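# Summary of structural features
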Amino acid sequence: DTAVSQTPKYLVTQMGNDKSIKCEQNLGHDTMYWYKQDSKKFLKIMFSYNNKELIINETVPNRFSPKSPDKAHLNLHINSLELGDSAVYFCASSQKGAGNTIYFGEGSWLTVV
Amino acid sequence: QQQVKQSPQSLIVQKGGISIINCAYENTAFDYFPWYQQFPGKGPALLIAIRPDVSEKKEGRFTISFNKSAKQFSLHIMDSQPGDSATYFCAASHGGYQKVTFGTGTKLQVIP
């Protein structure tokens, strides 16, 4: 069983469209994250939720809206997609607490054309 | 603002050699320093981690050396193998909610 699973794995869409990426974890963790990895492989945190509550909200355009229906799920909705949104988006989870391992999904490769 | 600086950007090592990746941080509040390994098409996975109260941690062929006064830490891969070829990220975090700051990554290629 995949610990952190996200769908879709690949997504090609046109500028201006709205798209969503879904994530689920079966590790029983209470904290989930969205990370963005750009073409240069740079990894940056976007959002973090703990027990459905938004904890970390980095400087991300308002077009990005995360939603956590329960602590096992964290979805990312992106409005009015732009070329610069093309990246790999990783969902991750961990148990709250310093030093607890963060487990990443396999990524969702978004290409905006 | 890049709070964790990582070098080199890429590294080619012969099989059996030692791979060394260096990182430096600025924020003295950081209290947890993990290294992640990422294979192409996969998500990063925790490799090894250290806290600032120790100067070295070893797990198999992987060793972290930590210098708190210099605010530097490094990953050493002994007896490097082609299967170690991947991108390695150092990282640092503090606080219970784990706002992890990643380095810029090092692409390691181990040639036979």
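You'll find the structure just up there.
One structure accompanies this document, and this report is about it. Quantities reported herein were computed from a predicted structural model and do not represent experimental measurements. (Residues numbered from 1 in each chain as written. Chains lettered and ligands numbered in written order. Predicted model: local features only at pLDDT ≥ 70, side-chain atom pairs only at ≥ 80, totals over all residues. Heavy atoms only, no water.)

Applying the stated criterion to the full structure yields 19 aromatic pairs over all chains. Seen from their ring centres, Phe30 of chain B and Phe33 of chain B are 6.5 Å apart, and the 85 degrees between their planes marks the pair as edge-to-face. One exposure class covers both Phe30 of chain B and Phe33 of chain B, and it is buried. With 6.2 Å between their ring centres and 40 degrees between their planes, Phe66 of chain B and Phe73 of chain B make a pair best called tilted. Of the two residues examined, Phe66 of chain B and Phe73 of chain B, each falls in the buried class. Every member of this aromatic cluster is reached through a ring pair, and the members are Tyr33, Tyr35, Phe90 and Phe104 of chain A together with Tyr36, Phe89 and Phe102 of chain B. (Phe/Tyr/Trp six-rings, centres within 6.5 Å; stacked < 30°, edge-to-face > 60°. Buried < 20%, exposed > 50% of the residue type's maximum accessible area, 1.4 Å probe, protein only.)

Below, the discussion takes up the sheet that holds strand S8 (residues 72-77) of chain B. Residues and elements named next belong to chain B. An order of S1-S3-S8-S7-S6 is seen for the five strands of this open sheet, with the pairing classed as antiparallel. Two strands bound the open sheet, and with one partner strand each, they are strand S1 (4-7) and strand S6 (56-59). Averaged over all adjacent pairs, the angle separating strand axes in this sheet is 15 degrees, with direction ignored. (Pairing = 2+ DSSP bridges. Helix = DSSP H or I, 4+ residues; strand = E, 2+ residues; numbered from the N terminus. Axes fitted to C-alpha atoms, helices over the stretch in contact; angles between N-to-C directions.)

Moving on to the interface of chain B and chain A. The partner chain A presents 28 residues to the 20 residues of chain B that form the contact. Each partner contributes to the roughly 2,000 Å² buried at the junction of chain B and chain A, and carbon and sulfur atoms together form 57% of this total. The interface formed by chain B and chain A contains two salt bridges. Between Glu106 of chain A and Lys42 of chain B there is a salt bridge, and its shortest N-O distance comes to 2.9 Å. Linking chain B with chain A are five residue pairs in polar contact (both at pLDDT 80 or more), by the criterion used here. (Contact = heavy atoms within 4.5 Å. Buried area = accessible area lost by both parts, 1.4 Å probe. Salt bridge = Lys/Arg side-chain N within 4 Å of Asp/Glu carboxyl O. Polar contact = N/O pair within 3.5 Å; in protein donor to acceptor, adjacent residues only side chain to side chain.)

Take the environment of Ile50 of chain B next. Residue and element names in this part refer to chain B. Tracing the chain through its elements places Ile50 in strand S5 (residues 45-50). The class of Ile50 is buried, set by a relative accessible area of 2%. Between the C-alpha atom of Ile50 and that of Asp31, which follows or precedes it by 19 residues, the distance is 8.7 Å. Look past the residues within four positions of Ile50 in its chain and what remains in contact with it is Tyr32, Phe33, Ser55, Glu56, Lys57, Ile64 and Phe66.

As a further point, take the state of the cysteines. Scanning the model with the defined rule gives two disulfides over all chains in all. Each disulfide pairs two cysteine sulfurs, and for Cys23 of chain A the partner residue is Cys91 of chain A, the sulfurs being separated by 1.8 Å. Measuring handedness by torsion sign, the sulfur bridge of Cys23 of chain A and Cys91 of chain A sits at about -80 degrees and is left-handed. Taken together, the positions of Cys23 of chain A in strand S3 (residues 19-25) and Cys91 of chain A in strand S9 (residues 87-94) put the pair 68 residues apart, joining distant regions of the chain. Each member of the pair Cys23 of chain A and Cys91 of chain A is classed as buried. The residue that forms a disulfide with Cys23 of chain B is Cys90 of chain B, at a sulfur-sulfur distance of 1.9 Å. Taking the sign of the torsion about the S-S bond as the criterion, the disulfide between Cys23 of chain B and Cys90 of chain B, at about -95 degrees, is left-handed. Of this pair, Cys23 of chain B sits in strand S3 (residues 19-25) while Cys90 of chain B sits in strand S9 (residues 86-92), and the two are 67 residues apart along the sequence. Given the relative accessible area of 3%, Cys23 of chain B is considered buried. (Disulfide = S-S within 2.5 Å.)

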